[in-house]
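# Chain and residue survey
Next come the chains, spelled out residue by residue.
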Amino acid sequence: MRTEGEIATNTDPTGPWSLVVPLKPLARAKSRLGRAVGEALRPRMALAFAQDTVSAALSCRAVADVVVVTDDPVAGAALNALGARVVRDAPAAGLNAALEHGARSVRARRPGAAVAALNADLPALRPAELGRVLEFSGAFPRAFLGDTQGIGTTFLSAMPGVELRPAFGGASRARHLSSGAVEITLPGLESVRRDVDTADDLEEALALGVGRFTAGPSAPVAHAADR
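Let us look at the structure shown here. What you see is a predicted model, and the numbers here were worked out from it, not measured in a lab. (Residues numbered from 1 in each chain as written. Predicted model: local features only at pLDDT ≥ 70, side-chain atom pairs only at ≥ 80, totals over all residues. Heavy atoms only, no water.)

This brings us to the sheet that holds strand E3 (residues 85-87). The strand order E3-E2-E1-E4-E6-E5-E7 describes an open sheet built from seven strands, whose pairing is mixed. Two strands in the sheet have a free side with no partner beyond their single neighbour: E3 and strand E7 (182-183). Where strand E1 (residues 17-22) lies against strand E4 (residues 114-118), four bridges are found, and the strand directions are parallel. Across the sheet, residue Trp17 finds its bridge partner in E4, namely Ala114. (Pairing = 2+ DSSP bridges. Helix = DSSP H or I, 4+ residues; strand = E, 2+ residues; numbered from the N terminus.)

Here it is, written out as structure tokens:
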């Protein structure tokens, strides 16, 4: 597994953006989803969501690299194999501290990098839609995208020389708006907004079309929804 001191590979390293993707240890990830899919499947689903998110992000031409902040060795190895650079959650102080740590890791290598935080649970993520989000964000010091419910946040960006200042968790849309970040209101960004925490969220993601990693483990859920 690559660590903080090594260089990540990327099939298209020409993009200007570095994305930071945080991921809890799989044993604790997606607890609300466990009620629907079962505790045995829940960690696999959490990893599959992250794999599809990272895979799509690395396929976006505007993205130079993806840094995953996690302490989970299984997830770290799987996401590293896709081309992400894995950074340990050294602060171990929650989601926003992990994102700030990831952003610092990016800028230790590329001081002039444009950085964005991206949720790890976007299994329907489409590279073209992410590209539109990044293009819009490039015109503002900080920008964010609200989730499907209009309560949380799935994406937050900071241009070179600007601190990320993440405020994820709960009603984060309002916090990011009040922090001065510009809200992205473009139409047609459903795959970037659709994070997955519940069975209903997963059904909506499946309707959008999930990536190959999520498609397999989610098959029983999809069949149950069709009954």
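Within the secondary structure layout, Pro25 lies in the loop between E1 and helix H1 (34-37). Residue classification places Pro25 among the partly exposed residues on the basis of a relative accessible area of 26%. Once the C-alpha coordinates of Pro25 and Ala75 are considered, the two residues, 50 residues apart in sequence, prove to be 7.8 Å apart. (Buried < 20%, exposed > 50% of the residue type's maximum accessible area, 1.4 Å probe, protein only.)

Take the pattern of salt bridges next. Taken as a whole and judged by the stated rule, the model has nine salt bridges. Among the salt bridges present, the one from Lys30 reaches Asp197, with a minimum N-O distance of 2.7 Å. Taken together, the positions of Lys30 in the loop between E1 and H1 and Asp197 in the loop between helix H7 (190-193) and helix H8 (199-208) put the pair 167 residues apart, joining distant regions of the chain. The residue Glu39 makes a salt bridge to Arg42 at a minimum N-O spacing of 2.9 Å. Residue classification places Glu39 among the partly exposed residues on the basis of a relative accessible area of 48%. What you see here is one network of salt bridges that share partners, running through Lys30, Arg32, Asp121 and Asp197. (Salt bridge = Lys/Arg side-chain N within 4 Å of Asp/Glu carboxyl O.)

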